[in-house]
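# Close look at the chain arrangement
In case you want the letters, here they are:
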Amino acid sequence: MKKYLTGFTLAAVAAITLSACGGDPMSTANNNSQASSGDSIIVGSADFPESQLIAKIYAEALKSQGVEVAEKPSIGSREVTIPALKDGSIDLMPEYGGALLQYLDAETKAVSSEEVAAELATKIPSGLTLLTASEAEDKDVLAVKKETAEKYNLKTISDLEPVAKELVLGGPPEWKTRVNGVAGLKSVYNLEFKEFSALDAGGPLTLNALLSGQVQVADLFSTDPALSENNLVALEDSKNLFLSENIVPVINEKKSSSTVKDTLNKVSAALTTEDLIEMNGRVAKFEDIGEIAKEWLQSKNLA
Amino acid sequence: MNFEWLGRQFDNIVFLLGWHVLLAVTPLILGLLIALPLGWWAHRSRRIYPFLVGVAGLLYTVPSLALFVLLPVILGTKILDPLNIVAALTIYTVALLVRVVADALDSVPQDTVQAAKAMGYRAYQSLLKVELPVGVPVISAGLRVAAVSNVSLVSVAALLGIPQLGSLFTQGFQLRFFTPIIAGIVLCVVLAMILDGLIILLNRWLTPWTPKVVAS
Amino acid sequence: MINYLFDPAHWSGADGIPTLIGEHLIYSLIALAIAAVIAVPLGIYIGVTGKGVFMIAGLANALRALPSVGLLILLVLLISPAFPSKMGYILPSLIVLVLLAVPPILTNTYAGVRAVDAAAVDAARGMGFRTMKILTDVQLPCSLPLMLSGVRSALLQIISTATIAAYISLGGLGRLLIDGKAQNDYSQMVAGAVLVALLALFFDQLLAFITRRVVSPGLTRRTVKATLPSGEVIPSETAKTPTAV
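Residues numbered from 1 in each chain as written. Chains lettered and ligands numbered in written order. Predicted model: local features only at pLDDT ≥ 70, side-chain atom pairs only at ≥ 80, totals over all residues.

Right, let's talk about the overall build of chain A for a bit. The number of helices and strands found in chain A is 12 helices and 10 strands. Here chain A holds 303 residues, and 41% of them are scored as buried. (Helix = DSSP H or I, 4+ residues; strand = E, 2+ residues; numbered from the N terminus. Buried ≥ 20, exposed ≤ 12 C-beta atoms within 10 Å, placed from the backbone.)

For chain C, the count of helices and strands is 10 helices and two strands. Overall, chain C shows an N-to-C arrangement of helices and strands of α-α-α-α-α-α-α-α-α-α-β-β. Here chain C holds 245 residues, and the buried ones make up 54% of them. Relative to all contacts within chain C whose residues are 6 or more apart in sequence, the contacts with residues 24 or more apart total 73%. (Contact = placed C-beta atoms within 7 Å.)

Looking now at the nonpolar core. Counting 215 residues, the largest nonpolar core has Tyr58 of chain A, Val98 of chain B together with Ala101 of chain C as the members making the most contacts within it. The residue makeup of this core includes at least three contributed by each of domain 1 (2-137 + 245-299) and domain 2 (140-234) of chain A. Setting aside anything within four residues of it in sequence, one finds Val98 of chain B in contact with Ala35, Leu38, Gly39, Ala42, Leu52, Val53 and Ala56 of chain B. (Core = buried A, V, L, I, M, F, W, Y, C linked by C-beta atoms within 7 Å. Domains from an automatic or database assignment.)

Let us now look at unusual backbone geometry. Even without glycine at this site, Asn190 of chain A takes up a positive phi of about 60°. Mapping Asn190 of chain A onto the fold places it in the loop between α7 (179-189) and β7 (195-198). We classify Asn190 of chain A as exposed; it has 11 C-beta atoms within 10 Å. One non-glycine residue with positive phi stands out, namely Ser169 of chain C, at about 80°. With respect to the helices, strands and loops of the structure, Ser169 of chain C is situated in the loop between α7 (131-161) and α8 (174-182).

All names here are of chain A. Domain boundaries assigned for chain A yield domain 1 (2-137 + 245-299) and domain 2 (140-234). Examining the composition of the side of domain 1 that touches domain 2, we find that six residues originate from one element, helix α11 (residues 273-284), more than from any other. Tallied by class, the residues present in the side of domain 1 that touches domain 2 amount to three nonpolar, three polar and two charged. (Nonpolar A, V, L, I, M, F, W, Y, C, P; charged D, E, K, R; others polar.)

Before going further, it helps to spend a moment on the pairing of strand β8 (residues 217-221) of chain A. Side-chain positions along a regular strand alternate between the two faces of the sheet. Residue and element names in this part refer to chain A. Buried residues dominate β8, accounting for five of its five residues. Residues Val217, Asp219 and Phe221 point to one face of β8 and Ala218 and Leu220 to the other, with burial holding for every one of them. One ladder, built from five bridges, connects strand β5 (residues 140-145) with β8; its direction is antiparallel. Across the sheet, Leu142 pairs through a bridge with Asp219, a residue of β8. One ladder, built from two bridges, connects strand β6 (residues 168-171) with β8; its direction is parallel. Bridging across to β8, Gly170 finds its partner in Ala218. (Pairing = 2+ DSSP bridges.)

Attention now moves to the pairing of strand β10 (residues 247-252) of chain A. Residues and elements named next belong to chain A. With five of its six residues buried, β10 lies for the most part within the structure. Looking at chain direction, strand β3 (residues 92-96) and β10 are connected through five bridges and run antiparallel. For Glu95, the partnering residue across the bridge sits in β10 and is Val248. In this structure, strand β4 (residues 128-130) lies alongside β10, joined through three bridges in antiparallel fashion. For Leu130, the partnering residue across the bridge sits in β10 and is Val250.

Next comes the structure, spelled out in structure tokens:
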């Protein structure tokens, strides 16, 4: 009996091991394509609050122009949203230039807003198109506490060079391997930290670890209201390690009528990074995203 | 608790609850359908019994997060496919129920089986009309365990980003906001209790001959 | 996956596989020890005195329904502000693991003590054994198989659930799952999943082996069946609860 069981276990492990060498379930090949019907536009968003907020702004702006809108908020990460855009489950969603480009081409060398926009235009999957990017961006920033900045006289990331060995860096798990993370900090800025602590993508773990002193340098996002609330210093990325992350609407070509384009371009033109910080602060206080979106549109005379 | 927030999120929470029910209940039904013939087989054959029960025990030891991750390799699905969750929980349900079904059939008194035979029941008639019904209380006790743990296991899939009530946990964590977390926990527990109660009712309905004692 | 598991670079350093396995085991064993210290005496007490029987079945079911991920996140938000260190994450994880491990040990210890043949206890009393001696020399050895089966399912629960601690930045094999997901590196996730599964299997077999060694030979030939307060009969093997996570 025991022999059978051991054999069974080994066979199962072997089968899994072997078959794992085949397909990659995390790749995002597109298999079923069913386009959404009618003239209504389905606005989707990723699974974090800022994406939902901007999607809401898009939706409300379009509605006020008489466009029929359906909403599918919080559908997940890019592994879900991009295939959903391709197969027509959603038609429109807000994206971040740099992160989208890295998703489409992990090897990209583009950094500035212009480089990112130019490369994105060639890499975007067929059937999808990018409208004009906003000046507003939500990019990675290396943040330190005010005390740390004063103690070591830190203003730019380069200033970390003499002290990095004494400091612990905190960031999302993907930073361990990413060029625009630990690897880039070493190759571009010649920074080698005492340790890297895998936390989350600019979320509560990272902020908590920074404030409590478990890490001294942390990866946060430029539109995070916590930066100013906690007197954190965002170090200047003088050597352009982090990609620009301008907010840009990604839309299904078939749904990109001139009314839709005009409306969304106006939204992008009006949106600023400061607006996002302010609105994120309100989201963090659990205010209704719909209300925040409507008020912003009114303040910019877009609704 | 921020009830205003709950009100605003009502549609979203109902959507997550719907998925949660689907992901927890489908495997329960599939698992039972698969476990019945397997359990019967184990009951009939003394040689197959230890093998089936042993394999079931092994499958049981595989942690669910691990199984959610490994199944795409075997099924050829994407990592975010809800099918992985259904398949994983079906495996657990079968693993739990195979033994329960076999033991339930074993527990049917020999006299009862003999009586059925004497009344002219054929083997399959005896199985369907006598042995299985008599085994229902034991099977439903196993089914209750499976139902309750399925509800809790589904929420683990939130760590992989598959939407269901567990998404309220990760969402609440990102916002450092207790309301969605508590709402998610309460809904999970209530859902588990409802499923548990439904199985108790089903058991009573299927076994009208048993005395009406409230099983806890 | 082969690449990930057999790449020597992944077998050393602060986030190498041996370190992760070590961390995983430390969390697991500490939680198991705490759970046993709570559940074994309580189970014996309830089994011997019959007091508090009603709460056992209810407790076991209620705790089984509690979603571990939700509980962990709730506890982190409650506890971590009070600790400016990793302790703010370790403590919540340990509480969740202990909560999961107590019910199987408690119910099985209780059921084990209850299942001891009344004739054996009477015989011991007739031989002049005092209550304490009956407990240590008759009731406990007789209930050992069920008790150990409870410990076995508790450890399985713990080993599988310890993977979610990585979500709140702690170590352990869950790191491979969470980091693999974040890095879009499926082979790393599979490596983590296989290692957790193997770890669980290994400890399951180890405890099965220990059970065979320590249980009195007079008991091993018979199957122990226990009756829960609800009246449902659980053969010792199915008393295992499903592995959470």
